[in-house]
Amino acid sequence: MSEAVRGKMQLHWKIAIGFIAGLLLGQLVHYVVGADTPWVASLTEYVTQPFGTLFLSLIFMLIVPLLFSALVVGVSEMGDVRSLGRIGWRTLGYTVVLSGIAVLLGLVMVNLFKPGVGVDPVAAQAMLAEGSERAAAIVKSSTEQPSGMKMLLEIVPQNVVGAASSNASILALMFFALMFGIGIVLSEDTPGLATLKRGIEGLFEVSMTLIGLVIRLAPYAVFCFMFNLAVLFGWDLLARLGAYVLVVVAALAIHMLVTYSLALKLVGGYSPLKFFRGVQEAMMVAFSTASSNATLPVALRVADSELGLPKRVSRFVLTIGATANQNGTALFEGVTVIFLAQFFGVDLSLGQQFMVMLVCILGGIGTAGVPSGSLPVVALICAMVGVPPVGIGLVLGVNHFLDMCRTTVNVTGDLGIAALVAKGEADGPDLPDRGNLPG
């Protein structure tokens, strides 16, 4: 059995192969044959484009149940807030603040360096025209989206079912899910409530199972996406993608090394060097597995043995954080949406970017702590602001590496928040008093 598992190629390698094969073959066709050749046009119109559209449709089909259940489960797990008191609310407060800083940092950097700018506008419009009917409809409807006070008022839905059926109203759906989760937290524990929570958890598990099945098609979808885009854009695509990766990694590094260090030093009074030295094992496991959930056992052990955190704090904060504190993921989502908007020439107003920021913060709570768990959220936010969701095919090929990076930031943030929350507790951490740092 172990030999079979060992001999089976992992999904991220398959995606990488599909990415490279689609990119190289598309470049070859672009420069040797030409995108206007009849058989190339037929291939993209009747084979590669429909398959990519099918892949996106399957993801969109599962987005509403996945996001609703994930967000409700993430918030409802704060049920211990009533018994833990200030620990729960401080966890939520630090999570929201750090996620907000992460997304803001990502938006500043992507607007400053503009990795998606530079593509020929005519070619970008051609790509939009060649997109699926869904993407074209989304782009067309972007001019009809509410703005200003109306946009803020429509965050609170009058019809939840209507909000769930419209990509443009996804923020309203997430607001309802947030309120629903808070309602569960504040409700009395009854058999009926326990049944409801188990039902929503079951919906989340089924949604994750189906997403896992759909993601198996990702290597083939990535090939189709990259082939279509490379045929149209040529080598300019590769240059734009490299700039995007650099911006994401740089933003993640700044958030982890600067923001976390400042929070630990100024708020918690801890030595950042000693903290990072203590959590390095959890960081390595997070980078290797690209999964916050898979890293949770190691993070719990590190919090106890290396950071000296009280177990009642670390177990609560780290368990919640594996799903609800996804700083790196929120940053990645914000950068990716703005990058794709720049790539396709979709001009997002400050109001729309602020809305993206809010959804990314909430999405960080509602994103599953598993590899590629943020991709459905990225596709959904793109649709919400009028960016063609077919663009996620651009990032799928480099997603696993970026997933490893952002998961490392997520897990480090979980441990950092646990240390901050533990400050002031009777059995708080002894991290600041473990001797002198070298140098």
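To keep things clear, this report deals only with the structure shown in the data block. (Residues numbered from 1 in each chain as written. Predicted model: local features only at pLDDT ≥ 70, side-chain atom pairs only at ≥ 80, totals over all residues. Heavy atoms only, no water.)

## Side note on the nonpolar core
At step 1: Counting 119 residues, the largest nonpolar core has Tyr244 and Leu415 as its most contacted members.
At step 2: The element best represented in this core is helix H21 (residues 392-422), accounting for 16 residues.
At step 3: Not counting residues within four places of it along the chain, the set of residues in contact with Tyr244 comprises Pro115, Phe332, Val335, Thr336, Phe339, Val395, Val398 and Leu402. (Core = buried A, V, L, I, M, F, W, Y, C linked by side-chain atoms within 4.5 Å. Buried < 20%, exposed > 50% of the residue type's maximum accessible area, 1.4 Å probe, protein only. Helix = DSSP H or I, 4+ residues; strand = E, 2+ residues; numbered from the N terminus. Contact = heavy atoms within 4.5 Å.)

## Considering the packing of aromatic side chains
At step 1: Applying the stated criterion across every chain, the model contains 8 aromatic pairs.
At step 2: Aromatic pair Phe68 and Phe176: ring centres 6.0 Å apart, planes at 15°, arrangement stacked. Placement of the pair is Phe68 in helix H3 (residues 38-76) and Phe176 in helix H10 (residues 170-186), with a sequence separation of 108 residues.
At step 3: Phe68 sits in the buried class, given a relative accessible area of 17%.
At step 4: Residue Phe176 is classed as partly exposed on the basis of its relative accessible area of 27%.
At step 5: With a centroid separation of 4.4 Å and 25° between ring planes, the pair formed by Tyr244 and Phe339 is classed as stacked. With a gap of 95 residues between them, Tyr244 in helix H13 (residues 236-268) and Phe339 in helix H18 (residues 327-344) connect regions that are remote in the sequence. Here Tyr244 matches Phe339 in class, with each residue buried. (Phe/Tyr/Trp six-rings, centres within 6.5 Å; stacked < 30°, edge-to-face > 60°.)

## Examining the pattern of salt bridges
At step 1: Across all of its chains, the model carries 2 salt bridges by this definition.
At step 2: Put simply, Asp403 and Arg406 hold a salt bridge, and the shortest N to O gap is 3.5 Å. Of this pair, Asp403 and Arg406 both sit in helix H21, 3 residues apart, which is roughly one turn of that helix.
At step 3: You can call Asp403 buried: its relative accessible area is 4%.
At step 4: Given the relative accessible area of 1%, Arg406 is considered buried. (Salt bridge = Lys/Arg side-chain N within 4 Å of Asp/Glu carboxyl O.)

## A few points about the side chain of Thr408
At step 1: Among the structural elements, Thr408 can be located in helix H21.
At step 2: For Thr408, a relative accessible area of 8% corresponds to the buried category.

## Here we look at the packing of H18 against helix H20 (residues 375-384)
At step 1: Running from amino to carboxyl end, H18 crosses H20 at an angle of 45°, the nearest separation of the two axes being 10 Å. Between H18 and H20, the angle falls in the class oblique. Between H18 and H20 lies a crossing of right-handed hand. Residues Phe332, Glu333, Thr336, Val337 and Leu340 of H18 form the contact with H20, whose own contacting residues are Val377, Val378, Ile381 and Cys382.
At step 2: Of the residues contributing to the contact of H18 with H20, the split by class is 7 nonpolar, 1 polar and 1 charged. (Axes fitted to C-alpha atoms, helices over the stretch in contact; angles between N-to-C directions. Parallel < 35°, antiparallel > 145°, perpendicular 65-115°, else oblique. Left-handed = near helix turned anticlockwise from the far one by under 90°. Nonpolar A, V, L, I, M, F, W, Y, C, P; charged D, E, K, R; others polar.)

## Brief notes about the environment of Asp36
At step 1: Along the chain, Asp36 falls in the loop between helix H2 (11-33) and H3.
At step 2: For Asp36, a relative accessible area of 75% translates into the label exposed.

## What to know about unusual backbone geometry
At step 1: Unlike most non-glycine residues, Lys114 shows phi in positive territory, near 45°.
At step 2: Looking at the element boundaries, Lys114 is found in the loop between helix H5 (86-113) and helix H6 (121-130).
At step 3: Using a relative accessible area of 39% as the deciding quantity, one classes Lys114 as partly exposed.

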